[in-house]
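# Chains, contacts and geometry: an overview
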Amino acid sequence: MPQHEWLALVYADVTLVTQVDGVMAGDATGAVAGSPTSSSTRPSLVVRMLEAAEIQEGDKVLEIGTGTGYSTALMCQRLGNNAVCSIEHDRVVAGRARDAITSAGYAPTLVQGDGLLGYAEKAPYDRLISTCAVRTIPQAWPEQIRVGGTITTPMSGWLHETAFAHLTVMEDGSATGRLLADDLYFMTARAHVPPPRPPLVKGIGDARNAKVDPAILERGTALWIAQLPAPQAQIAWGENVTFLVDAGTGSRAEIRPDTAGGWTVLQHGPVRLWDVVEEAIETWQGAGARTNRGSASR
């Protein structure tokens, strides 16, 4: 590819997948099937995240997920090499990022390891920014941020709805804040990816009338609400039926239209998945069903 075409791709405001199921784009000899496992995030989104993190001159930053090293280099340019520490889980991705960052003239602290553990050797930090989504905030993160410092990360549950959290670390070691309005998606930290979903089996469980239309789970905020009481549930749709399945407990719910114009739910297992989801949705609706996602804490 001519250099000018390559540069046009690099500077385009798009996300570029750089690895699929462990295969780097540069190593692929043809089309690669599978799930993206690393990418170069859209530049405008990188800047939005840096702004949301409220990073300022003099801040010391821990970045979770080096990726290509683009955001790492931006922070080095703004804050200086000594103020930036970045962790990448994947050994090959980390090596490629190190080469790119150093060839651009930057020398931050680069670590290949588990970002969910942070990097205590350089703590405390003023800001933590994560470029991968997490299901829960790891305990190591607030422990390594100074009181009054912030954690900025996408959060994604096993129903695959994501919210953007900006938390402040408090004196008691907790972290509290709000879920921001930004609509974004990042790949999930590998340790937080859901297990394989069990096969969908129809007609199993105790039946009752459902009070909530399952179609509401096609709305982002409602799906986020549903994740809270059923964090291990996964969702699937088929033939006008909504399925919730918990691989850990074997619990499942099947919601389908009935002949009276309502819905019937069949539930099986120790966790009544639709009961807890329905209660959470009704509580949210009773509070006005606001589209903003409110507050979060660790």
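Data block above holds the structure.
Conventions we followed
- Position numbers for residues start from 1 in each chain and track the written sequence from start to end.
- Where totals are concerned, whole chains, interfaces and linings use all residues; where local detail is concerned, this predicted model gives features only for residues with pLDDT of at least 70, and gives and counts side-chain atom pairs only at 80 or more.
- As a rule here, side-chain values come from all non-hydrogen atoms in the structure, and water together with hydrogens is ignored.
- When a residue's accessible area, from a 1.4 Å probe over protein chains only, is under 20% of the maximum for its type it is buried; when over 50% it is exposed; and in between it is partly exposed.
- Secondary structure elements are taken from DSSP: a helix is a run of H or I of four residues or more, a strand is a run of E of two residues or more, and numbering for both begins at the N terminus.
- Contacts are assigned to residue pairs with any non-hydrogen atoms lying within 4.5 Å of each other.
- Any N or O atom pair separated by 3.5 Å or less is treated as a polar contact, with the protein-specific requirement of one donor-capable and one acceptor-capable atom, and with residues adjacent in sequence counted only for side-chain atom pairs.
- The method works on a 1 Å grid over the protein atoms by themselves. A cavity is a set of points holding a 1.4 Å probe that cannot get out, a pocket is an open set with protein on both sides within 12 Å along at least five of seven lines, and residues with an atom within 4 Å of a point line them.
- Grid points are joined across faces, edges and corners, and a volume is the space filled by probe spheres set on the points.
- The residue classification treats Ala, Val, Leu, Ile, Met, Phe, Trp, Tyr, Cys and Pro as nonpolar and Asp, Glu, Lys and Arg as charged. All others, Gly included, are polar.
- Paired strands, as defined in this entry, are two strands with at least two bridges between them according to DSSP.
- Helix axes use the C-alpha atoms of the stretch in contact, all axes being lines fitted to C-alpha atoms, and the angles between their N-to-C directions lie in the range 0 to 180 degrees.
- Definition used for salt bridges: Asp or Glu carboxyl oxygen within 4 Å of a side-chain nitrogen of Lys or Arg.

Once that is clear, we can look at helix 2 (residues 43-52). Those residues of helix 2 that sit buried are P43, L45, V46, M49, L50 and A52. On its buried face, helix 2 is in contact with helix 3 (70-79), strand 7 (125-130), strand 8 (145-156), strand 9 (162-169) and strand 10 (175-180).

Counting through the fold element by element, D59 comes out in the loop between helix 2 and strand 4 (61-64). Classification of D59 by relative accessible area gives buried; the value is 8%. Within polar-contact distance, the side chain of D59 engages the backbone nitrogen of Q56 at 2.8 Å. Within the structure, D59 has its side chain in polar contact with the side chain of R127 (distance 3.0 Å). Residues in contact with D59, not counting those within four places in the same chain, are E54, L79, A83, D126 and R127.

What follows is about empty space enclosed by the protein. For the coordinates displayed, the defined rule picks out 1 cavity of 30 Å³ or more. Considering only enclosed or pocket space, the largest cavity measures out at about 50 Å³ in volume. Taken together, L200, V201, G203, I204, F243, V245, R252, A253, E254 and L266 form the lining of the largest cavity. Mapped by element, the contributors of at least two residues to the lining of the largest cavity are strand 13 (241-246) and strand 14 (252-257). The element contributing the most residues to the lining of the largest cavity is strand 14, with 3 residues. The residue inventory of the lining of the largest cavity, partitioned by class, reads 7 nonpolar, 1 polar and 2 charged.

Taken in spatial order, the 5 strands of this open sheet run 11-15-14-13-12, and their pairing is antiparallel. Looking at strand neighbours, the two that pair on one side only are strand 11 (206-210) and strand 12 (233-238), the edges of this open sheet. Averaged over all adjacent pairs, the angle separating strand axes in this sheet is 20°, with direction ignored. In this sheet, strand 15 (residues 263-268) lies alongside strand 11 in antiparallel orientation, the contact comprising 5 bridges. For R208, the partnering residue across the bridge sits in strand 15 and is V265.

Right, let's talk about the pattern of salt bridges for a bit. Tallied over the full model, the rule gives 10 salt bridges. Among the ionic pairs, D126 bridges to R146, the shortest N-O distance being 2.5 Å. In this pair, D126 sits in strand 7 while R146 sits in strand 8, placing the two residues 20 residues apart along the sequence. In the salt-bridge network here, residues are joined through shared partners; they are R208, D275 and E278.

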